[in-house]
Amino acid sequence: METAPRGNKLRFGCPYHRWTFDSTGRLVGCPNKPGDYPDDFDRSNYPLARPTMALVHGLVMVTFSEQAPPIDVYLDGLHDSIAEVLAGDGRLRLLGYQKVLLKANWKTYADNDTYHAGLLHTAFRMLNWQGGKGYQEANARGHRLYVGELSLPESAGRLHDPSLIEHRSGGDLSRGSVSVRFFPISGMTRHLDSISIRFANPLSVDETEVHYTYFAHVDDDEKLIKHRVRQASNLLGPCGLVSMEDAAVFHRLHSGSQTPGDAVFQMGVTDEYVIPSEFGQSDESSNLPGWEYYRKVMGYEKAPAG
Amino acid sequence: MMTDTDVPAVIDALQTRYIAALDDRNMEAWLATFSKDPDASYTCTTAESEEAGLPLALILDDTYTRLQDRVTYVTQIWAGTFADYRTRHFIQRTAARPVSDNQYDVETNFMVACTPVETGRTELFMTGMYFDRVVVDSNDALFLAKKAVMDSSMVERFMAYPL
């Protein structure tokens, strides 16, 4: 019905039979002459599919599934964390997008997009930016919260540009990097002054599309907006100083997953028959609650212990 | 003093030097195509963002020192951390307009093929347009501002080198 990736419209028309729908999905126009449709044809029986919608701190969450639980059940206690990522109250202003097509399965992306920060990024290490501690939590639906403490160095080290490590929007640097990841794949991150939602969409078994969508806060002055644009453009995302490696590594992991054998999480696992809900900053075991939830939803048998 | 007919040749020579530097993965040579003016800049963004008036870019090096940092990213910080790839840039100037005695706005189509070392398979990586402000002096030209506007809204995999 609609091919534009963004915009506003009050009417939607189908080019075939000229059926026209209003913004609530109601069929409001359907040109016909006598005999075109059955006698009992009733326009009100043919609305567009009506998604269920919920507004969470300004974030519009939509599903076409009739089995989806109420939003509070789905989020399972994550409301406050979402607010924390979305600048405290979700009153945001769109800055733009960085879109990337990862040559990797969505599970590879989902498993590896968060916990790795302290492990993977050479930039953090080389510039001595990874000073703090952090933790992860995961709930029974597999949604995860990642909190990283940031201690910023006096200078940007061998870089001239201090904006990459500046923190101008205020707030507590002991929670300077906060991410919420929704099971299965989308997520959101606030790192220093960069606020982003990563809308992820599996296109095929080998491809996952991610739209990094960045925001400023509506109360920001022009100077702070400019800073956020610069930091967001150059720090995270497919060309970002810190995150460029991500896509490269996802692709490598995906290639590796074609070889025989099973993926096994080790880091952070203390008892292989217990699924915890709290994890260290770099523990890959934070993926386990999500896959346990997936197992139940998909109806897969669990191998017996021992 | 340059004659008017020399100007397009000098601008084309600059663009050729620019793509040769990138295809050679020589970031110092890339930097040398920019003016040392403190406000010299390189931006890489998408046609989608441009048309929507969205300021966020894929690469936003909006001062000369940030251009220098870009060289440091690629040659020092990222060295050895990503699966490397070769590029091949093709360009065609489509417009050049004087904006002052020695500055020109130049528009150029680009097409870039990419060959990841790990697959060895060449694929079209990106097409788009450069929108450049070029400073032309006695017998040389340099970029005061270079903006690569990608036709695709999307980067495939990742992008370590500027376009």
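Visitor: What is the right way to look at the pairing of strand E6 (residues 140-150) of chain B in this model?
Guide: Two faces make up the sheet, and in a regular strand the side chains alternate between them. All names here are of chain B. Where strand E1 (residues 41-46) meets E6, six bridges bridge the pair, whose relative direction is parallel. Across the sheet, Thr46 pairs through a bridge with Met150, a residue of E6. As paired strands, strand E5 (residues 123-137) and E6 are joined by ten bridges and run antiparallel to one another. Considered in E6, the bridge of Asp137 is made with Asp140. Counted along the chain from E5 to the antiparallel partner E6, the turn is two residues long.

Visitor: What exactly am I supposed to notice about the pairing of strand E10 (residues 187-191) of chain A here?
Guide: All names here are of chain A. Burial runs high along E10: five of the five residues are buried. Summarising the sheet, strand E9 (residues 177-181) and E10 pair through five bridges and their orientation is antiparallel. Across the sheet, residue Val180 finds its bridge partner in E10, namely Met188. Taken together, E9 and the strand that follows it, E10, pair antiparallel across an intervening segment of five residues. Across five bridges, E10 lies against strand E11 (residues 194-204) in antiparallel orientation. Directly across from Gly187, in E11, lies its bridge partner Arg198. Hairpin connection of E10 to E11: two residues between the antiparallel strands, including Leu192 at a positive phi of 50 degrees.

Visitor: Mind showing me how you'd approach the confidence of the model for chain A here?
Guide: A low pLDDT means the predicted coordinates there should not be read in detail. This prediction gives chain A a mean pLDDT of 87; 93% of its residues lie at or above 70. Across chain A, the secondary-structure element scoring lowest on mean pLDDT is helix H4 (residues 117-120) of chain A, at 56, and the one scoring highest is strand E2 (residues 20-22) of chain A, at 96.

Visitor: Sorry if this is basic, but what is going on with the interface of chain B and chain A here?
Guide: Put simply, an interface is often sized by how much accessible area is lost when its parts join up. Taken together, the contact between chain B and chain A spans 34 residues of the former and 41 residues of the latter. Around 3,400 Å² of area is buried between chain B and chain A when both sides are counted, 60% of it from carbon and sulfur atoms. Where chain B touches chain A, the interface holds 17 residue pairs in polar contact (both at pLDDT 80 or more). At the level of elements, helix H3 (47-52), strand E2 (59-61), helix H4 (64-77) and strand E7 (154-156) of chain B are the ones that each hand at least two residues to the side of chain B that touches chain A. With nine residues, H4(B) is the largest single contributor of residues to the side of chain B that touches chain A.

Visitor: Is there a simple way to think about helix H6 (residues 222-235) of chain A in this case?
Guide: In an α-helix, one full turn covers 3.6 residues, which means residues spaced three or four apart are oriented alike. For H6(A), which comprises 14 residues, the first-to-last C-alpha distance of 20 Å matches the rise-based estimate of 20 Å (1.5 Å per residue) to within 8%. Taking burial as the measure, the 14 residues of H6(A) include eleven buried ones, the bulk of the element. Looking at the buried positions of H6(A), the neighbouring elements they touch are strand E6 (92-102), E10, E11 and strand E12 (207-217) of chain A together with E2 and H4 of chain B. The positive-phi residue at the C-terminal boundary of H6(A) is Gly237(A), with phi of around 95 degrees.

Visitor: What should I look at first to understand the sheet that holds strand E1 (residues 11-13) of chain A in this one?
Guide: Two pairing modes exist for strands in a sheet, parallel and antiparallel, and in both the strands are linked by backbone hydrogen bonds. Residue and element names in this part refer to chain A. Ordered in space as E1-E2-E3, the three strands form an open sheet in which the pairing is antiparallel. Of all the strands in the sheet, the pair left with one neighbour each is E1 and strand E3 (27-29). Across the sheet, the axes of successive neighbouring strands diverge by a mean angle of 40 degrees, strand direction being ignored. Across two bridges, the pairing between E2 and E3 is antiparallel. Residue Phe21 lies in a different strand from E3, and its bridge partner there is Leu27.

What counts and how
- Residues numbered from 1 in each chain as written.
- Chains lettered and ligands numbered in written order.
- Predicted model: local features only at pLDDT ≥ 70, side-chain atom pairs only at ≥ 80, totals over all residues.
- Heavy atoms only, no water.
- Pairing = 2+ DSSP bridges.
- Helix = DSSP H or I, 4+ residues; strand = E, 2+ residues; numbered from the N terminus.
- Buried < 20%, exposed > 50% of the residue type's maximum accessible area, 1.4 Å probe, protein only.
- pLDDT = per-residue confidence, 0-100.
- Contact = heavy atoms within 4.5 Å.
- Buried area = accessible area lost by both parts, 1.4 Å probe.
- Polar contact = N/O pair within 3.5 Å; in protein donor to acceptor, adjacent residues only side chain to side chain.
- Expected span 1.5 Å × (residues − 1).
- Axes fitted to C-alpha atoms, helices over the stretch in contact; angles between N-to-C directions.

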